Amino acid sequence: MILYRPGNSVPLTDFGISIPSAPDKAERVLQALRQHEVLGPREDEWLIGDDGVEVTKEDILRVHSPEYV
């Protein structure tokens, strides 16, 4: 599952999420992870390439409550 893909933005409203979110939030999170003192040097372990699978509502429900989604 791809959580961030440069140049590809899927509005959260497509998944029923109506909270405000900055358009560059995913990119900023990725940059923060890269700068993290422990995780940054281990990027090859946690950042995978594009697997071609799009995020679905069911994927989001794995990490958020139905009330949130």
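Keep in mind that what you see is a predicted model, and the values were worked out from it rather than measured.

Enquirer: How would you explain the side chain of Asp59 if you had to name every residue and give the values?
Expert: With respect to the helices, strands and loops of the structure, Asp59 is situated in helix H3 (residues 57–61). At 2.9 Å, the side chain of Asp59 and the side chain of Arg62 are in polar contact.

Enquirer: Describe the pattern of salt bridges, with residues and values.
Expert: Enumeration according to the criterion identifies four salt bridges in this entry. The partner of Arg28 in a salt bridge is Asp24, and the shortest N-O contact between them spans 3.1 Å. Under the relative-accessibility criterion, Arg28 is labelled partly exposed at 48%. Classification of Asp24 as partly exposed rests on a relative accessible area of 35%. Its salt-bridge partner being Glu43, residue Arg34 comes within 3.2 Å of it at the nearest N-O pair. Note on Arg34: relative accessible area 32%, which makes it partly exposed. Among the residues examined, Glu43 registers a relative accessible area of 24% and is labelled partly exposed.

What counts and how
- Residues numbered from 1 in each chain as written.
- Predicted model: local features only at pLDDT ≥ 70, side-chain atom pairs only at ≥ 80, totals over all residues.
- Heavy atoms only, no water.
- Helix = DSSP H or I, 4+ residues; strand = E, 2+ residues; numbered from the N terminus.
- Polar contact = N/O pair within 3.5 Å; in protein donor to acceptor, adjacent residues only side chain to side chain.
- Salt bridge = Lys/Arg side-chain N within 4 Å of Asp/Glu carboxyl O.
- Buried < 20%, exposed > 50% of the residue type's maximum accessible area, 1.4 Å probe, protein only.

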